[in-house]
Amino acid sequence: MKRVAFAVAGLALVAGVLVLRDTGGSDSTLPTAPPPPTKLRAYAAEQVLVSGPQGRPGTPSKVVARAGHHRIQLTWSGDAPAYEVRWGEKTKLVTRPGTQLNGLANDREQEVEIRAVDSFGQRSQPARTRATPRADNAPYTFVDRFDSPAEPDPRRWRLSKRTDCARATSGDGEDHDRLVVGSSCGTRAVTLRARTPFVRGDDESRLVVETDAPSTGGKLLLDLVPGPVSVQGDPVPPNTVRATVSTDVAGNSVVELVPNGAAAKPLPPALPGVTVRWEVVLTSAGVQVVRDGDVVATSSFVPQWREATALVGFAALAGDRIRAGVDLIGYRTARADAPPTGPTPQVRVDGPASTGASPLAGVTAGQLRLALIPSREGAPVPAVRVNGVEVPIRPAVEGTPWKPGAEYPAVADLPREAFTDTVDVRLVTQERIQVTHTDVELTGPQGIAQREDSTPLVDAKPALADPVPEVLDAGGQPIGNGAAFNRGRVVLEVRVNALDATVAGLAGFEVRLDGTHIATVPTTADGPAAAGRWRISLNTAALSPGAHAVEVKAFSTDQGVHPETGYIPFLLKP
């Protein structure tokens, strides 16, 4: 049997466009893309067969455009691995048949082109549509559209977080007219708390939130809590209404409603980066969760409270980083006003006593909010020492149990000695109690509001998805993980896909077997690809028995995007 020769050849980066096949004419509607920064030269070692591009993908169909405040939402039909969306001078690549264009001027018509993109970067003929963004003038008793240059307004909002792992700020780039919540806090929710009370009306009351959260593998939590609570812990405080929306890594979503909630209908798959309108509706008959006008969960629970704190939380299921865009939060309730904004002191817990605290003039009252986690059974902590003065603490929501491992929200009225720019807090107990959150609300004259850093914590730059290789037998069936197989011809399948709002252009990928370069597959026929599936046939007859490994390294057309690598080990029988 002829020995397989895997010639060693370096990865070639060349200027100019590599033509993989004739485009079949000079149709002016096809894009003429400039050479991308990174271009790969096709290569296959001896007895390595690499599939090439076939016919062009079909044009997307059934395009629907929905205009909103500074945005256009687009959906269409198609089965391509990716799509290119163009509007004005801008272009982006997406991997699902839908997207959202943000940062658009209201009352200015936009023409949009959508092309299907196959695995080798070939483009289809464009589907075209037009839409005009317009402001939402629906009636609210309280609303924030987050479209000023500096968000959020500290007179209206507080962000509750653990340490400095999260930030709420005005967006950058196309998100400049929305609020962006960024987090690296893992599975713990970061919470945007409204300072304006949610006051139920005599008939129907609604909490309305428009956001593109939850993203892939994330959670969105909408709480109405009958008490001065700043965090969204577990268990849910008594008589609290909480709607939780979870989205898995495949984009499938589920909504849970407590207390006593039941699903009313399945949720449609989430489209990355597309704003959804969520509403928590309180009526005399119970509670509903509404998604874009459809009731998706119901409960017979009828709250007896009149006033609540509205909390909007964001969390990651797998500890990933979060970037959530918020377009609107509003109430349709009885009218209420936020309390005056006083100065925001620094809070220090169980640290050395401050020696340089300065009094704050004009403050008339204050409240300390805490979240505590006890380590064992026992009586709740009765008091807290604030700037050396002992004051009682009480549950923020009546009936909240004191349980080991559960977060216990509590409040304390501050003594006059605590009206300073630095507040020292120490629990009056010998037990081990974890303090997970503290914040202070002061009442008095309007102070200088403290804002977050103006730069979002998580940027919006598109990333390259990880290549996922898999070894198949000659019939195209997966070989079981860890299973040894006979030497001979096998198929290496490479998949690149991502469930993101936008993805970086794919220049192609390089394949190495046991460190030896055996193939390079370019994917820029008309412009960069974004996702796809490729099959490479290779002969393992000359390889020795035992363990081997394939490495696939994907490159982007954007020089600012790092390559991504995937590995697959396999075993050959003697």
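Structure report, in brief. (Residues numbered from 1 in each chain as written. Predicted model: local features only at pLDDT ≥ 70, side-chain atom pairs only at ≥ 80, totals over all residues. Heavy atoms only, no water.)

Re the overall build of the protein chain
Phase 1: The secondary structure content of the protein chain amounts to 0 helices and 41 strands.
Phase 2: Considered along the principal axes of its C-alpha atoms, the protein chain spans approximately 90 × 60 × 50 Å.
Phase 3: Relative to its full complement of 574 residues, the protein chain shows a buried share of 52%.
Phase 4: Considering only contacts in the protein chain between residues 6 or more positions apart, those separated by 24 or more positions represent 74%.
Phase 5: Of the accessible surface of the protein chain, which amounts to about 25,500 Å², a share of 49% is contributed by carbon and sulfur atoms. (Helix = DSSP H or I, 4+ residues; strand = E, 2+ residues; numbered from the N terminus. Buried < 20%, exposed > 50% of the residue type's maximum accessible area, 1.4 Å probe, protein only. Contact = heavy atoms within 4.5 Å. Areas by Shrake-Rupley, 256 points an atom, 1.4 Å probe, with all protein chains shown as cover.)

Regarding empty space enclosed by the protein
Phase 1: Counted under the stated rule, the structure contains 6 cavities of 30 Å³ or more.
Phase 2: Looking at the largest cavity, its volume works out to about 80 Å³.
Phase 3: Its residues assigned to classes, the lining of the largest cavity comprises 1 nonpolar, 4 polar and 7 charged. (1 Å grid on protein atoms, 1.4 Å probe; cavity = no way out; pocket = protein on both sides within 12 Å on 5 of 7 lines; lining within 4 Å. Points joined across faces, edges and corners; volume = space filled by probe spheres on them. Nonpolar A, V, L, I, M, F, W, Y, C, P; charged D, E, K, R; others polar.)

Regarding the state of the cysteines
Here is the idea: a disulfide is a covalent bond, and it sits between the sulfur atoms of two cysteines.
Phase 1: By the definition in use, this model includes 1 disulfide.
Phase 2: Disulfide pairing is shown between Cys165 and Cys185; the S-S distance is 1.8 Å. The sign of the 95° torsion about the S-S bond sets the Cys165-Cys185 disulfide as right-handed. Linking Cys165 in the loop between strand 11 (157-160) and strand 12 (166-170) with Cys185 in the loop between strand 13 (179-183) and strand 14 (190-194), this pair joins segments that are 20 residues apart in sequence. The residues Cys165 and Cys185 share a single accessibility class, namely buried. (Disulfide = S-S within 2.5 Å.)

A few points about unusual backbone geometry
Phase 1: Of the consecutive residues Ala213 and Pro214, the connecting peptide bond is found in the cis state with omega at 0°.
Phase 2: Structurally, Pro214 is set in the loop between strand 16 (205-211) and strand 17 (218-225).
Phase 3: The linkage connecting Asp234 with the following residue, Pro235, adopts the cis geometry, with an omega of 10°.
Phase 4: We note that Lys62 has phi near 50°; this positive angle belongs to a residue other than glycine.
Phase 5: Looking at the element boundaries, Lys62 is found in strand 3 (residues 61-68).
Phase 6: Lys62 sits in the exposed class, given a relative accessible area of 67%.
Phase 7: Phi at Asp292 is positive, roughly 50°, even though this residue is not glycine.
Phase 8: The class for Asp292 is partly exposed, based on a relative accessible area of 31%.

Observations regarding the side chain of Ser124
Phase 1: Position of Ser124 among the secondary structure elements: in the loop between strand 8 (110-117) and strand 9 (127-131).
Phase 2: Judged by its relative accessible area of 0%, Ser124 is buried.
Phase 3: Within the structure, Ser124 has its side chain in polar contact with the backbone nitrogen of Ala116 (distance 2.9 Å). (Polar contact = N/O pair within 3.5 Å; in protein donor to acceptor, adjacent residues only side chain to side chain.)

What to know about the sheet that holds strand 9
Phase 1: Strand order in the open sheet made by the 4 strands is 6-5-8-9, with antiparallel pairing throughout. The outermost strands of the open sheet, each flanked by one partner alone, are strand 6 (90-94) and strand 9. Neighbour-to-neighbour, the strand axes of this sheet turn through a mean angle of 20°, independent of strand direction.
Phase 2: Note: strand 8 against strand 9, 5 bridges, orientation antiparallel. By the bridge assignment, Glu111 is partnered in strand 9 with Arg130. (Pairing = 2+ DSSP bridges. Axes fitted to C-alpha atoms, helices over the stretch in contact; angles between N-to-C directions.)

Structural notes on the sheet that holds strand 4 (residues 71-77)
Phase 1: Here 3 strands make up an open sheet; going across it, the order is 3-4-7 and the pairing antiparallel. Unpaired on one side and paired on the other, strand 3 and strand 7 (98-101) mark the two borders of the sheet. Direction aside, neighbouring strands of the sheet carry axes that sit 15° apart on average.
Phase 2: As judged from the 4 bridges shared by strand 4 and strand 7, these two strands associate in the antiparallel manner.

Section: the pattern of salt bridges
Phase 1: A complete count under the given rule lists 40 salt bridges for this structure.
Phase 2: Residues Asp327 and Arg178 are paired through a salt bridge, measuring 2.9 Å at the closest nitrogen-oxygen approach. In this pair, Asp327 is assigned in strand 25 (residues 322-332) and Arg178 in the loop between strand 12 and strand 13, connecting sequence segments 149 residues apart.
Phase 3: Between Arg193 and Asp439 there is a salt bridge, with its nearest N and O atoms 3.5 Å apart. Of this pair, Arg193 sits in strand 14 while Asp439 sits in strand 33 (residues 433-443); the two residues are 246 residues apart in sequence, bridging distant segments of the chain.
Phase 4: A residue is classified by how much of its surface remains accessible, and Arg193, at 2% relative accessible area, is buried.
Phase 5: If you follow the salt bridges from partner to partner, you end up with Arg71, Asp172, Asp175, Arg178, Glu204, Arg206, Glu210, Asp212, Arg277, Glu279, Arg323 and Asp327 in one network. (Salt bridge = Lys/Arg side-chain N within 4 Å of Asp/Glu carboxyl O.)

Re the side chain of Arg200
Phase 1: Within the secondary structure, Arg200 sits in the loop between strand 15 (198-199) and strand 16.
Phase 2: One buried charge, Arg200, has no salt-bridge partner; the nearest side chain with opposite charge is Asp202, at 8.8 Å.
Phase 3: Among the polar contacts listed, one links the side chain of Arg200 to the backbone oxygen of Pro303, at a separation of 2.6 Å.
Phase 4: Beyond its immediate chain neighbours, meaning those up to four positions away, Arg200 contacts Ser205, Leu282, Thr283, Pro303, Gln304, Trp305, Arg306 and Ala334. (Lys, Arg positive; Asp, Glu negative; His and termini not counted.)

Here's the deal with the packing of aromatic side chains
Phase 1: Summed over the entire model, instances satisfying the criterion amount to 8 aromatic pairs.
Phase 2: Residues Trp402 and Tyr408 carry aromatic rings whose centres are separated by 4.8 Å and whose planes lie at 80° to one another, so their mutual orientation is edge-to-face. For the pair shown, Trp402 and Tyr408 are each scored as buried.
Phase 3: Three or more aromatic residues joined by ring pairs make a cluster, and in this case those are Phe142, Phe146, Trp157, Phe198 and Tyr331.
Phase 4: Of note, Arg200 hangs over the ring of Trp305, and the distance from its end group to the ring centre comes to 5.9 Å. (Phe/Tyr/Trp six-rings, centres within 6.5 Å; stacked < 30°, edge-to-face > 60°. Lys NZ or Arg CZ within 6 Å of the ring centre and 35° of its normal.)

Structural notes on the environment of Phe198
Phase 1: By the element assignment, Phe198 lies in strand 15.
Phase 2: Residues Phe198 and Ala308, 110 residues apart in the sequence, show an inter-C-alpha distance of 5.1 Å.
Phase 3: Residues contacting Phe198, with those up to four places away along its chain left out, are Ser205, Arg206, Leu207, Leu224, Leu282, Trp305, Arg306, Glu307, Ala308, Tyr331 and Thr333.

Considerations on the nonpolar core
Phase 1: Residues Leu207 and Leu224 are the most contacted members of the largest nonpolar core, which totals 46 residues.
Phase 2: In this view, Leu207 contacts Phe198, Leu222, Asp223, Leu224, Trp278, Glu279, Val280, Ala310, Ile329, Gly330 and Tyr331; residues no more than four positions away in its chain are not counted.
Phase 3: Counting 38 residues, the second largest nonpolar core, distinct from the first, contains Leu93, Val496, Val503 and Leu538. (Core = buried A, V, L, I, M, F, W, Y, C linked by side-chain atoms within 4.5 Å.)

Shape descriptors only; they carry no functional weight alone.
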